[in-house]
Amino acid sequence: MASVVVLLSLTLVLVHAASAISHDQDHQCSQEREQDPLRQRSHDQTNTNPASDNRWTSDIDKYTAQEVNPTRMATATGIKRVSADKAALAADLATFVVEAGRAAIADHGYFSVAFSGGSLPTILSLGLDSGTKADVDTAKWKVFFADERCVPLDHEDSNYRVVRAECLDKIGVPQANVFAINPEVSPSEAAKEYEAQIVAELGPSPTFDLLLLGMGPDGHTCSLFPGHELLKVDDCLVASIADSPKPPPNRITLTYKAINQAKSVAFVCAGAGKADTLQQAFEPTPEQQDSVLPVQLVKAEQVVWFMDEPAAAKISH
């Protein structure tokens, strides 16, 4: 009988000791997890019971059953500069461009800028006419085109013609400093030649000092349109397009490879007609989140949105 009592006592001692050791180990692991958040997260996930957590199970199934779309849930990024009206926007934009040009020239001796067409050159010219023109050293500008229609340079659809007439000629940019496409060759050849021209002027890994871009009602920028295969092109700086949804169909455009390595990108959006698209770009509803807008994929070092109040009416700013 005594031996049984001794045996029971010894068993209780061993159980108590094992419990204490287990408690110390759990306490040590808890401390380590507190010091290492990654380990804490791994521990929590490892100890999640899939059978008792339907959300966990459905998430795992969702991400293992299909490839995740890297552009999903994209939103536009950048600094929002909202002016009361188009005239104030133009003055703000002009000041920004002049300051960017001055900084670039001081840094490397020239200012490389690429224009889109539309109303942008007219707006910039309006701002430069308001008193900043004297501060522009246009002899050191190198002007390119963010996209261009494959038409003669004097054609009404030519961005070259519009930008020169509405802006560059008014501020005295020398013709030799304006680099146009060759409209006499095929769009694909024009794109190759234009990329070679950019590289010759800006170096083998060209970085534009500033891109001046607009945004269409469908969220396109340059000639990069929603759902188009050019959104995925990353092996060249300039690409051609022969099926533009907006006429004329034959164009060339900078790709995201060129756009996103620019030092600065300035979007110019004026008027109430831009409000819905800006809302979708910056603050998409759940129903809009699967529809990626080309402007949402612009992720340059600096992105600045110049808007007037009517354009910015539906977004927070």
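Residues numbered from 1 in each chain as written. Predicted model: local features only at pLDDT ≥ 70, side-chain atom pairs only at ≥ 80, totals over all residues. Heavy atoms only, no water.

## Thoughts on the overall build of the protein chain
Now for step 1: When helices and strands are counted, the protein chain shows 9 helices and 9 strands.
Now for step 2: Residues classed as buried in the protein chain amount to 42% of the 317 residues present. (Helix = DSSP H or I, 4+ residues; strand = E, 2+ residues; numbered from the N terminus. Buried < 20%, exposed > 50% of the residue type's maximum accessible area, 1.4 Å probe, protein only.)

## Observations regarding the sheet that holds strand 9 (residues 303-308)
Now for step 1: The strand order across the open sheet formed by 6 strands is 1-9-8-5-2-3, and the pairing between neighbours is parallel. Two strands lie at the open edges of the sheet, namely strand 1 (79-83) and strand 3 (141-145), each paired on one side alone. Direction aside, neighbouring strands of the sheet carry axes that sit 20 degrees apart on average.
Now for step 2: Where strand 2 (residues 111-115) meets strand 3, 5 bridges bridge the pair, whose relative direction is parallel. Each bridged residue has a counterpart across the sheet, and for valine 113 the counterpart in strand 3 is valine 143.
Now for step 3: The sheet contacts of helix 6 (residues 159-171) involve strand 2 and strand 3, and relative to strand 3 the element is tilted by about 155 degrees.
Now for step 4: Running over the sheet, helix 7 (residues 187-202) touches strand 2 and strand 3 and is turned about 160 degrees from strand 3. (Pairing = 2+ DSSP bridges. Axes fitted to C-alpha atoms, helices over the stretch in contact; angles between N-to-C directions. Contact = heavy atoms within 4.5 Å.)

## Some words on the pattern of salt bridges
Now for step 1: Summed over all chains, the structure comprises 6 salt bridges.
Now for step 2: Of the charged contacts in the structure, one is a salt bridge between glutamate 201 and lysine 142, with a shortest N-O distance of 3.2 Å. Taken as a pair, glutamate 201 in helix 7 and lysine 142 in strand 3 lie far apart in primary sequence, 59 residues in all.
Now for step 3: Looking at glutamate 201, the relative accessible area reads 29%, which means it is partly exposed.
Now for step 4: A salt bridge links aspartate 276 to lysine 314, with the shortest nitrogen-to-oxygen separation between them at 2.4 Å. Taken together, the positions of aspartate 276 in helix 9 (residues 275-282) and lysine 314 in the segment after strand 9 put the pair 38 residues apart, joining distant regions of the chain.
Now for step 5: A relative accessible area of 46% means that aspartate 276 is categorised as partly exposed. (Salt bridge = Lys/Arg side-chain N within 4 Å of Asp/Glu carboxyl O.)

## Regarding helix 7
One turn of an α-helix holds 3.6 residues; hence residues three or four places apart share an orientation.
Now for step 1: Relative to the 22 Å expected for 16 residues at 1.5 Å per residue, helix 7 spans 22 Å between its end C-alpha atoms, a close match to the ideal helical length.
Now for step 2: For helix 7, the set of buried residues is Pro187, Ala190, Ala191, Tyr194, Ile198 and Leu202. Take helix 7 and look down its axis: the buried residues cluster within an arc of 100 degrees, on one side only. The exposed set on the far side of helix 7, more than 90 degrees from its buried face, consists of Lys192 and Ala200.
Now for step 3: Considering only its buried residues, helix 7 is in contact with strand 2, strand 3, strand 6 (238-241) and strand 7 (251-254).
Now for step 4: The first or second residue beyond helix 7 is glycine 203, which carries a positive phi of 105 degrees. (Expected span 1.5 Å × (residues − 1). Arc of directions from axis to C-beta.)

## Some details on unusual backbone geometry
Now for step 1: Going from proline 247 to proline 248, the amide bond is cis rather than trans, its omega being -5 degrees.
Now for step 2: Counting through the fold element by element, proline 248 comes out in the loop between strand 6 and strand 7.
Now for step 3: One non-glycine residue with positive phi stands out, namely cysteine 222, at about 50 degrees.
Now for step 4: Look at cysteine 222 and you get buried, because its relative accessible area is 5%.

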